[in-house]
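Okay, here's what each chain looks like letter by letter:
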Number of protein chains: 2
Amino acid sequence: MYNILVCDDDKAILDSVEIYLQNEGYNVYRASNGIEALKVAESTELHCIILDIMMPGMDGLTVTSKLRQNKNIPIILLSAKSEDTDKIAGLSFGADDYVTKPFNPLELVARVKSQIRRYTSLGSMETKESVLKSGGLELDTEAKTVTVDGEPVKVTATEYKILEYLMENMGHVLSTNQIYEAVWHEEAFATEKTVTVHIRRIREKIEINPKEPKYIKVVWGIGYKIDKES
Amino acid sequence: MYNILVCDDDKAILDSVEIYLQNEGYNVYRASNGIEALKVAESTELHCIILDIMMPGMDGLTVTSKLRQNKNIPIILLSAKSEDTDKIAGLSFGADDYVTKPFNPLELVARVKSQIRRYTSLGSMETKESVLKSGGLELDTEAKTVTVDGEPVKVTATEYKILEYLMENMGHVLSTNQIYEAVWHEEAFATEKTVTVHIRRIREKIEINPKEPKYIKVVWGIGYKIDKES
DNA sequence: CTGATTTGTAATCATTCTGTAAGAAACCCG
DNA sequence: CGGGTTTCTTACAGAATGATTACAAATCAG
């Protein structure tokens, strides 16, 4: 879960950006001026900062250079002007990317993603286990493949994501809502059935006898789980 | 502690890059022209060199080839966007990577890190794999040629880069966005189709039957991959 | 400068995937 | 056992994705 700070004096923008970022599974912090932004940045471990340039009090460029004194966090600037002068100033102050208002929220999200990928790729690369196992069931998170007793099984993208989520939380029972929100990054509303059907389809593929599931077990009234060493 | 030499005639770039690298714990040496760079390289044990191509006096490409006469250190070139052809030239002169200006400092740092990791993990072994293979598909990364079952295949520059990227990450599934960013060094925004078409053209050339691809396989909803030992 | 090649984009086609609904079956509790 | 709830199963329409083709702009070679 990545933490992102959005700082703008326009509440409408703050709201809109927050929603888009949350839909992608990010944790959003808000600030409406430079001072607030710096405070949040000091007290929280952030992974990306989105700053408006034009703000009352301390402007975005000043915030940027203050942050750069001790942090390498990706900073994306927002500005109403599409003038090149601001752009150059922003980047030379230490910003990493630049979006001009009015902007397409999806583009902003894309840039956030890309910045975070680069930033985190600096740190401990690939310490995550790339193969998840439970009995004869194996899941290669890099090749995105699933094998049962050595036999490759073809699963679809969503099926894979559900399986991965269950495997990452092996031994824990997960409700259909939890699964839905983890996989779709959306509020789960009247969608319990959807997950159920996907589970069914996964079972069809990985279980010898879907009636007596060996891997994906149901816990009545609560949800599903995959045991360790099943 | 790794030593990195940054060489550029633009002091602003030098300053900015220095700060980013120092924040990551690197020891930074500076040079503002080719001659200086070579001097530093002779007298210091460096682990990575960042070179601007456009410099007064000796240009980056010349420096690269001079360095390559007796050193295997990773070299990353900086080039202005307009000098696109320089990229290919740069790599054939012996550079290991390139970044186009204006660049994202975090991206540069990421590339430095990746180069150093590769360099040191090889233990300065000269046996850098220059031929990538998967079944009958072979890719000579030095001659920049592709052969299928021994038969040479003519591919264009972008096609080659896509293939190389897929081959370097053999077994991993790569999304069209990942491919786009790796090959074009640009933000991937609304460009999914472009990669798709290139993949199609590559298949036309290397697959016996493009309908049933033997090498470049699609993973629905995720991306493309080339398997090991196909 | 001209013609050939390469490259990006858009439009269309084919296939695969996904959510929903509806009924059946399994489970829990009194 | 029986009612109420939860999960399973099936089928299907349309949504999403990748493949394919065509074309114009950009680039390159001679």
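Our subject in this report is the structure included herewith. As the structure is a computational prediction, the values presented were derived from the model and not from experiment.

### What to know about the protein's contact with DNA strand C
Not every one of the 18 residues close to DNA strand C is listed here, only the nearest: Thr156, Thr158, Trp184 and His198 of chain A together with Thr156 of chain B. Within 4 Å of the protein, the atoms of DNA strand C are drawn from sugar and phosphate moieties in a proportion of 60%. In this structure, a phosphate oxygen belonging to DNA strand C sits 3.3 Å away from a side-chain N or O atom of Lys154 of chain B. Thr158 of chain B places a side-chain nitrogen or oxygen 2.9 Å from a phosphate oxygen of DNA strand C. For the surface near DNA strand C, a count of residues per class yields seven nonpolar, eight polar and three charged.

### A look at the state of the cysteines
Residue and element names in this part refer to chain A. The tally for this structure, following the rule as stated, stands at zero disulfides over all chains. Here Cys7 is not cross-linked by a disulfide; its sulfur's nearest cysteine counterpart is in Cys48, at 13 Å. Among the residues examined, Cys7 registers a relative accessible area of 0% and is labelled buried. Exposure remark for Cys48: the relative accessible area of 0% places this residue in the buried category.

### A look at the nonpolar core
Counting residues in each nonpolar core, the largest one holds 28 residues, and the members touching the most others are Leu137, Val146, Leu163, Leu166, Ile179, Ile206 and Ile216 of chain B. Of all the secondary structure elements, the ones that give two or more residues to this core are strand E7 (137–140), strand E8 (145–148), helix H6 (157–168), helix H7 (176–184), helix H8 (192–206) and strand E11 (223–226) of chain B. With six residues, the single largest contributor to this core is H6 of chain B. With near-sequence residues (within four places) excluded, Ile179 of chain B lies in contact with Ile162, Tyr165, Leu166, Leu174, Trp184, Val195 and Tyr224 of chain B. Ranked by size, the runner-up nonpolar core spans 27 residues in total, among them Leu132, Tyr160, Ile202 and Tyr215 of chain A.

### Things to note about the packing of helix H7 (residues 176–184) of chain A against helix H8 (residues 192–206) of chain A
Residues and elements named next belong to chain A. Where H7 meets H8, the closest approach of the two axes is 9 Å, and the angle between their N-to-C directions is 85°. The orientation of H7 with respect to H8, classified from their angle, is roughly perpendicular. Along its contact with H7, which presents Thr176, Asn177, Ile179, Tyr180 and Trp184, the element H8 presents Glu192, Thr194, Val195, Thr196 and His198. Considering only residue class, the contact of H7 with H8 consists of four nonpolar, five polar and one charged.

### Structural notes on the sheet that holds strand E2 (residues 27–31) of chain B
All names here are of chain B. One open sheet holds the five strands; their spatial order is E2-E1-E3-E4-E5, and the pairing between them is parallel. With one partner strand each, in any of the chains shown, E2 and strand E5 (97–101) form the two edges of the open sheet. Averaged over all neighbouring strand pairs, the angle between strand axes comes to 20°, with direction disregarded. Packed on one face of the sheet, helix H2 (residues 34–43) meets strand E1 (3–7), E2 and strand E3 (48–52) and runs near 140° to E2.

Conventions and cut-offs
Residues numbered from 1 in each chain as written. Chains lettered and ligands numbered in written order. Predicted model: local features only at pLDDT ≥ 70, side-chain atom pairs only at ≥ 80, totals over all residues. Heavy atoms only, no water. Near = heavy atom within 4 Å. Polar contact = N/O pair within 3.5 Å; in protein donor to acceptor, adjacent residues only side chain to side chain. Nonpolar A, V, L, I, M, F, W, Y, C, P; charged D, E, K, R; others polar. Disulfide = S-S within 2.5 Å. Buried < 20%, exposed > 50% of the residue type's maximum accessible area, 1.4 Å probe, protein only. Core = buried A, V, L, I, M, F, W, Y, C linked by side-chain atoms within 4.5 Å. Helix = DSSP H or I, 4+ residues; strand = E, 2+ residues; numbered from the N terminus. Contact = heavy atoms within 4.5 Å. Axes fitted to C-alpha atoms, helices over the stretch in contact; angles between N-to-C directions. Parallel < 35°, antiparallel > 145°, perpendicular 65-115°, else oblique. Pairing = 2+ DSSP bridges.

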